[in-house]
Amino acid sequence: MSESRKSRLTFTILATVVRPAMNLMLGRSWDGTENLPKGGGFIACPNHVTEIDPLVVGHFFYNQGILPRYLAKASLFKVPVLGPALRATQQVPVQRGGAGAAASLDGAQQVIDAGGALIVYPEGTLTRDPGLWPMKGRTGAARLALQTGAPVIPIAHWGAQDLLPRYGKMLHLFPRKRVRLLVGKPVDLSDLRGVPLTKSVLEEATERIMAELTTLVASLRRETAPTERWDPSRKGQKAVGRGYDPQEEKKK
């Protein structure tokens with residue numbers, strides 16, 4: 001996927017508008033940039049705590065001279081204004097099953113082959129963990145990593161939820177918030193490459209990604225992560241002791 005003039009121009013226009021606004025709303029610190037692969041494509045796996053996370057992560061990558069490419073729901077490409085912007089910046093639509101899945105893989109492979117950063121949220125959606133810890137991951141990021149051969153770089157960030165709480169409708173601009181971002185080392189999946197992509201292999205790769213990501217988030221929060229990962233499909237889980245109070249989130 002070569003960088004077309006149209007793609008770069010669209011990114012430039014968006015960055016001209018978005019980046020100054022992000023700088024006004026959020027102070028930031030970025031660490032671990034030395035862990036970003038040089039001269040080769042990779043899959044970036046961030047945690048997901050609020051709807052503005054893509055702006056936070058995209059802002060970081062653009063600052064590093066890397067044009068961010070996301071896996072985005074195919075339905076978003078049909079939304080007025082947003083859809084044309086996604087196509088113009090060469091984002092990758094996620095389609096499931098048959099030819100659609102093959103097209104998604106092909107789009108992801110093009111980003112990797114061109115030395116780009118493909119951003120995939122391994123949880124698949126906003127975390128449901130009451131303490132905003134990374135929850136049980138889905139296997140999509142692991143599958144892409146093993147299919148494309150791309151390294152997986154975990155990226156943790158913390159603080160954006162103070163600007164826009166999870167599921168929030170309004171920005172909390174004052175006082176100015178601060179976001180911290182930490183880039184981890186590549187997740188070791190070497191022993192899982194070149195083997196059949198069975199359910200157990202995909203689950204093992206996914207858990208390694210989530211474990212590294214959780215360690216980074218714990219470092220940013222200066223807290224100990226829960227010993228058990230939150231599973232949104234399991235009922236009866238307790239929120240006690242997860243380092244976060246849902247009532248406090250509503251007050252922000």
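Residues numbered from 1 in each chain as written. Predicted model: local features only at pLDDT ≥ 70, side-chain atom pairs only at ≥ 80, totals over all residues. Heavy atoms only, no water.

In the nomenclature of an unreviewed UniProt entry, the protein corresponds to Lysophospholipid acyltransferase family protein from the organism Arthrobacter gandavensis.

*Asks:* Any details on the overall build of the protein? Residues and values, ideally.
*Replies:* Helix and strand counts for the protein stand at eight helices and seven strands. Here the C-alpha atoms of the protein give a radius of gyration of 18 Å, agreeing with the 18 Å that 2.2 N^0.38 yields for 252 residues. C-alpha atoms of the protein, sized along the principal axes, occupy 45 × 45 × 35 Å. On the protein, roughly 12900 Å² of surface is accessible, and the fraction owed to carbon and sulfur atoms is 56%. Side-chain charges of the protein comprise 35 positive and 22 negative groups, with the mean position of each set lying 6 Å from the other. (Helix = DSSP H or I, 4+ residues; strand = E, 2+ residues; numbered from the N terminus. Rg over C-alpha atoms; globule rule 2.2 N^0.38 Å. Areas by Shrake-Rupley, 256 points an atom, 1.4 Å probe, with all protein chains shown as cover. Lys, Arg positive; Asp, Glu negative; His and termini not counted. Charge placed at Lys NZ, Arg CZ, Asp CG, Glu CD.)

*Asks:* Can you tell me about unusual backbone geometry, naming the residues and giving the values?
*Replies:* Following Phe 174, the chain continues into Pro 175 via a peptide bond in cis, with omega recorded as -10°. Positive phi values are uncommon outside glycine, yet Leu 132 reaches one of about 65°. The residue Tyr 167 is not glycine, and still its phi comes out positive at about 65°. The topology assignment puts Tyr 167 in the loop between helix H6 (160-163) and strand E7 (177-183).

*Asks:* Before we move on, could you go through a nonpolar patch on the surface and cite the residues and values that matter?
*Replies:* A contiguous nonpolar patch, built from Leu 76, Val 79 and Leu 82 and spanning about 190 Å² of accessible area, is present on the exposed surface. We classify Leu 82 as partly exposed; its relative accessible area is 36%. (Patch = residues over 30% accessible without salt bridge, like charges linked within 9 Å, V, L, I, M, F, W, Y side chains within 5 Å. Salt bridge = Lys/Arg side-chain N within 4 Å of Asp/Glu carboxyl O. Buried < 20%, exposed > 50% of the residue type's maximum accessible area, 1.4 Å probe, protein only.)

*Asks:* Summarise the nonpolar core; cite the residues concerned and give the values.
*Replies:* Ranked by size, the top nonpolar core spans 22 residues in total, and within it Ile 43, Leu 118, Leu 146, Val 152 and Leu 189 carry the most contacts. Top element by residues in this core is helix H5 (residues 140-148). It accounts for five residues. Apart from residues no more than four positions distant in its own chain, Leu 189 is found in contact with Ala 145, Leu 146, Val 152, Ala 205 and Arg 208. One finds Leu 36, Phe 42, Val 57 and Tyr 121 within the second-largest nonpolar core, a separate group that totals 16 residues. (Core = buried A, V, L, I, M, F, W, Y, C linked by side-chain atoms within 4.5 Å. Contact = heavy atoms within 4.5 Å.)

*Asks:* Provide a residue-level description of the side chain of Ser 104, including the pertinent values.
*Replies:* Tracing the backbone through its elements, the reader meets Ser 104 in helix H4 (residues 98-113). Of the polar contacts made by the side chain of Ser 104, one reaches the backbone oxygen of Pro 93; its length is 2.9 Å. Apart from residues no more than four positions distant in its own chain, Ser 104 is found in contact with Val 92, Pro 93, Val 94 and Gln 95. (Polar contact = N/O pair within 3.5 Å; in protein donor to acceptor, adjacent residues only side chain to side chain.)

*Asks:* Run through helix H2 (residues 53-63), naming residues and quoting values.
*Replies:* Within H2 the residues assigned to the buried category are Asp 53, Val 56, Val 57, Gly 58, His 59, Phe 60 and Phe 61. Backbone geometry just after H2 places Gly 65 at a positive phi near 80°.

*Asks:* Any chance you could break down the pairing of strand E6 (residues 152-158) for me, citing the residues and the numbers?
*Replies:* By the criterion of burial, E6 is predominantly enclosed, with seven of the seven residues buried. Where burial is concerned, the two faces of E6 agree: the one with Val 152, Pro 154, Ala 156 and Trp 158 and the one with Ile 153, Ile 155 and His 157 are both buried. As paired strands, strand E2 (residues 42-46) and E6 are joined by four bridges and run parallel to one another. Bridge pairing in E6 links Ala 44 to Ile 153. In the sheet, E6 pairs with E7 via four bridges, with the strands oriented antiparallel. Residue pairing across strands places Ala 156 opposite Leu 182, the latter belonging to E7. (Pairing = 2+ DSSP bridges.)

*Asks:* Which residues make up the packing of helix H1 (residues 5-25) against H2, and what values go with them?
*Replies:* Relative orientation and spacing of two packed helices are given, respectively, by the angle between their axes and the distance between those axes. Contact geometry of H1 with H2 gives a least axis separation of 11 Å together with a crossing angle of 115°. Relative to H2, the element H1 is oriented roughly perpendicular. Considering the relative orientation of H1 and H2, their crossing is left-handed. Between H1 and H2, the residues in contact are Phe 11, Thr 12, Ala 15, Val 18, Arg 19, Met 22 and Asn 23 and Leu 55, Val 56, His 59, Tyr 62 and Asn 63, respectively. Split into classes, the residues belonging to the contact of H1 with H2 amount to seven nonpolar, four polar and one charged. (Axes fitted to C-alpha atoms, helices over the stretch in contact; angles between N-to-C directions. Parallel < 35°, antiparallel > 145°, perpendicular 65-115°, else oblique. Left-handed = near helix turned anticlockwise from the far one by under 90°. Nonpolar A, V, L, I, M, F, W, Y, C, P; charged D, E, K, R; others polar.)

*Asks:* Outline the pattern of salt bridges, supporting the account with residue identities and numerical values.
*Replies:* Evaluated as defined, the whole model comprises six salt bridges. We note a salt bridge from Glu 223 to Arg 221, for which the minimum N-O separation is 3.3 Å. Take Glu 223: its relative accessible area is 32%, and that puts it in the partly exposed class. Residue Arg 221 is classed as buried on the basis of its relative accessible area, which comes to 7%.

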